[in-house]
Amino acid sequence: MTLQELLQFKHPIFLAPMAGVTTPQLAAEVCNAGGLGALGLGASTPAQALQQILATQALTDAPFQVNFFCHQSTELDAAQGQAWLDYMAPFFSRYHVTPPTALSCIYPSFLDNDDYLKVVLETRPKAVSFHFGLPHPQQIQALKAAGIVTMVSATNLIEAKAIEAAGIDVIIAQGIEAGGHRGVFNQAVDSAITTKDLVQLFKAHCQLPIVAAGGIMNGQHAAKMLNLGASAVQMGTAFIQCKSSNASLAYREALFQQPITQITSSISGRPARGLVNHWHTQVDQPERPTVPPYPYTYDLAKQLHQTASAQDEHHFAAFWAGTRVAHIRALEAADLINLVMLEMKMPS
Ligand SMILES: Cc1cc2nc3c(=O)[nH]c(=O)nc-3n(C[C@H](O)[C@H](O)[C@H](O)COP(=O)(O)O)c2cc1C
C-alpha cells in the first residue's frame, strides 16, 4: 500500500505537528485543502489533547496526525539543576523579578503515561507520530490493533533501522535544516544530516515510506524531495505565518525580520533550532554549565520568556524556525498548499 492510500491525503503535503503552534483550525484547514493536518500534542495534558482532537474532528472529516514526545525520562541531578539556576539567575534579575529556585518536569513522556494512549484509542485519529524516540512495543501494538498509522522521526540510519524493527509504518526523515526540536533519540549524538541526504540514505537502506522534513518552504523544495523518493513532505516553518496558527505577533514579526537560525539545547535541554536571540548570544557562553535534561530546562526558559515578554522584550523566546525561514510567506493554509502544488509542477 502506498503512503497516499494508507493516509488518504490528496496532496503529499503534511503540516508538521508543532506543539504550541498548531491548532485544530490550522489542522482542519490543511486537511480540507487536501494536505494532511497535524496537532502537536507533546506539551498538552491528556485532557487538552482530547479537547484538541475532538475540536479538529468537528472541523474536518479528513484524516490527520497527532504527535507526542517519547523522551526518556531522566531524574534531575540536584547539583546540576542548582548550577543552572545559579547561572540563569542574573538573567531574571535584569527584569527585577526573583529567579526560580527549582526546576519541574513540565511534560510527561508518552512512554510514562498511558493516558495519552487512551485518548488516542478513544478518538482514533488516522495517524500518530512520535518525536525523540519510539513508543513501547505494547503501545505500538495497541495502536496497530486500532488501525492507527504510526510514524516516528529519524535523524540518522540507526534510528530509521530501529523504527523499522519496531514495526512502525512510516519514517519521518528530519534533516538538520528543520525548525524546532531535533528528533534525535539519544541527544548526545546528532549526525546532523541534511534532509536531502537522509531521504536518499533511507531510500537506499529502508523499506518503509519516507516523509521528508526540514527546510521545505515551497514547491521547488518539495519536488526535489519527492523526486528523491520521499512519499510526502512535512512542512513546519512555512505554516507558522498562517492566521490560524497559534504564533504570537512577536514571533510572526521576528520570522520576517531576523531570519537567522541556530541550534541550542539551552532553552529546553534538548537541541532545537530557532531564531537567534539571547539564548544563543548570551546564555551559550563558554562558562555555561551543563544544561539539565529535557524538559526541566524548558521550565526555566518558559518562565524567563514570560517575565521578559511581560515587559515587551522577546529576546528569550523559543521562536523555533528552520534554516530556510527567509523563504516564509504570509499565506493562509489552503493558499499555501495550492501554491506549493502549483510550484511543484513548474521547472526549477
Ligand atoms: C514551531 C515548531 C514547533 C515544532 N514542534 C514539534 C513537535 O511538537 N513535534 C514534532 O514532532 N516536531 C516538531 N517540530 C519539528 C517539525 O515536525 C519538522 O521537523 C520541522 O518543522 C521541519 O522543518 P521546517 O520547519 O524547516 O519545515 C516543530 C517545528 C517548529 C518550527
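Residues numbered from 1 in each chain as written. Predicted model: local features only at pLDDT ≥ 70, side-chain atom pairs only at ≥ 80, totals over all residues. Heavy atoms only, no water.

**Q** Where do I start with the pairing of strand E5 (residues 149-154) in this structure?
**A** Working note: regular strand, side chains alternate between the two faces of the sheet. With six of six residues buried, E5 is to be regarded as a mostly interior element. What you see with E5 is no split at all: Val149, Met151 and Ser153 on one side and Thr150, Val152 and Ala154 on the other are buried throughout. Pairing geometry for strand E4 (residues 127-131) and E5, over four bridges, is parallel. The residue of E5 that forms the bridge with Phe130 is Val152. Relative to strand E6 (residues 170-174), E5 is paired through four bridges, and the arrangement is parallel. Bridging from a neighbouring strand, Ala154 pairs with Ala173 of E6. Each parallel crossover has a hand, and the one from E5 via helix H7 (residues 157-165) to E6 is right-handed. (Buried < 20%, exposed > 50% of the residue type's maximum accessible area, 1.4 Å probe, protein only. Helix = DSSP H or I, 4+ residues; strand = E, 2+ residues; numbered from the N terminus. Pairing = 2+ DSSP bridges. Right-handed = clockwise from strand over helix to strand, strands pointing away.)

**Q** Explain the site of the ligand to me, please; I cannot follow it from the model alone.
**A** Around the ligand lies a shell of 22 residues, among which Pro17, Asn67, Gly215, Gly236 and Thr237 are the nearest. In the model, an oxygen atom of the ligand is placed 3.0 Å from a nitrogen or oxygen of the Ala19 main chain. Interatomic distance of 2.5 Å between a side-chain N/O atom of Thr237 and an oxygen atom of the ligand. Taking 590 Å² as the accessible area of the ligand by itself, protein coverage stands at 97%. Looking at the shell around the ligand, the elements that each hand over two or more residues are strand E3 (64-69) and strand E9 (232-235). Here the shell around the ligand is built from residues that sort into eleven nonpolar, eleven polar and no charged. (Near = heavy atom within 4 Å. Polar contact = N/O pair within 3.5 Å; in protein donor to acceptor, adjacent residues only side chain to side chain. Areas by Shrake-Rupley, 256 points an atom, 1.4 Å probe, with all protein chains shown as cover. Nonpolar A, V, L, I, M, F, W, Y, C, P; charged D, E, K, R; others polar.)

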